[in-house]
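Analysis of the macromolecular model
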Amino acid sequence: MIPALAFVVGYLLGSIPFGLILTRAAGGPDVRTIGSGNIGATNVLRTGRKGLAAATLLCDAFKGTAAVLLAAHYAKPDAALVAGLGAFLGHLFPVWLKFKGGKGVAVYIGVLIGLYWPAALIFCSIWIAVAALSRYSSLAALIASALTPFALWLVGQPRTAALFLLLSALLWIMHRANIARLLNGSEGKIGAKAA
C-alpha cells in the first residue's frame, strides 16, 4: 500500500502544469499554442518572459524534489524511488491536460536532487557545458540524461541508477521530435522566440 500511495502522491504533484499556470496568471499566451507546444520552461522562454521561464523551471523541479522528500520522510527509501517515478510520469502525462504534458527535464533534475543531490550537480554541469557550446537545450538534456545513470552507478547508487536509466529512456522518447529536428538542422536554439 505504501509504495502505491507514494506513486499516486508523486504523480499528482508531478502533474501540476506550472508552465501553463504561470504564463496564464501573468497574462501570457497558452504555451501549448507556441513553439514546441510544450508546457516546460524552454517553451515558456519562447514567450520572451525569462522570469516566467525561470519560475517554471524551479516549480517543475520542486515538485519532483517534494515528491521524493515526502515519501522518504513518511515511508522507506524505496517509496522515495517510486514517488520520483510517479512525479516524472505525472509531468509527462498529467491527468488535468488529457495526459499531454512536458518532456520532463526539470522534474528529472528535481527527483535527482531529492534522491542524490551531487548527481544533480553533475547533470546540471553537463547541461550547461553542452548548452553553452551548442545553444540547444534539447541536446544538452539528452547528453546529460544519458550520462546520469552511469554517474550514479559509479558513485555507488545502483538503485537510483536503475531508476534514472528508466527516466532517461523516457526522456529520450519524449524528445524524439527534437532528435529528428537536431538531425535535420531545424531545432530551435535557446533564446529564440516563437514565430
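Preceding this section is the structure that the text describes.
Below: a short report on this structure. Bear in mind the structure is a predicted one, so any value in this text is a computation, not a measurement.

1. Description of the packing of helix α5 (residues 77–92) against helix α8 (residues 158–174)
- Between α5 and α8, the shortest axis-to-axis distance is 11 Å and the interhelical angle comes to 5 degrees. On the basis of the axis angle, α5 is roughly parallel to α8. Contact residues: Asp78, Leu81, Leu85, Phe88, Leu89 and Leu92 in α5; Arg159, Thr160, Leu163, Leu166, Leu167, Leu170, Leu171 and Met174 in α8.
- Taken together, the residues of the contact of α5 with α8 break down into 11 nonpolar, one polar and two charged.

2. A closer look at the packing of aromatic side chains
- Evaluation of the coordinates by the stated rule reveals three aromatic pairs.
- Geometrically, the ring pair formed by tyrosine 108 and phenylalanine 123 is tilted, given 5.2 Å between the ring centres and 40 degrees between the ring planes. A single burial state applies to tyrosine 108 and to phenylalanine 123, both of which are buried.
- A ring pair is formed by tyrosine 108 and phenylalanine 164, whose centres lie 4.9 Å apart and whose planes are at 80 degrees; its orientation type is edge-to-face. Residue tyrosine 108 is found in helix α6 (residues 105–134), and its partner phenylalanine 164 is found in helix α8; the two are separated by 56 residues along the sequence.

3. A few points about the layout of surface pockets
- Here the largest pocket defines a volume of roughly 750 Å³.
- Together, 36 residues line the largest pocket, and Ala41, Thr42, Leu57, Trp127 and Ser137 are the ones closest to its centre.
- For the lining of the largest pocket, the elements supplying multiple residues, two or more each, are α3 (41–45), α4 (50–74), α6 and α7 (137–154).
- Counting residues per element, the lining of the largest pocket draws most heavily on α6, which supplies eight residues.
- Class assignment of the residues belonging to the lining of the largest pocket gives a composition of 17 nonpolar, 13 polar and six charged.
- Reported here for the second largest pocket is a volume of approximately 190 Å³.

So, how was this worked out
- Residues numbered from 1 in each chain as written.
- Predicted model: local features only at pLDDT ≥ 70, side-chain atom pairs only at ≥ 80, totals over all residues.
- Heavy atoms only, no water.
- Axes fitted to C-alpha atoms, helices over the stretch in contact; angles between N-to-C directions.
- Helix = DSSP H or I, 4+ residues; strand = E, 2+ residues; numbered from the N terminus.
- Parallel < 35°, antiparallel > 145°, perpendicular 65-115°, else oblique.
- Contact = heavy atoms within 4.5 Å.
- Nonpolar A, V, L, I, M, F, W, Y, C, P; charged D, E, K, R; others polar.
- Phe/Tyr/Trp six-rings, centres within 6.5 Å; stacked < 30°, edge-to-face > 60°.
- Buried < 20%, exposed > 50% of the residue type's maximum accessible area, 1.4 Å probe, protein only.
- 1 Å grid on protein atoms, 1.4 Å probe; cavity = no way out; pocket = protein on both sides within 12 Å on 5 of 7 lines; lining within 4 Å.
- Points joined across faces, edges and corners; volume = space filled by probe spheres on them.

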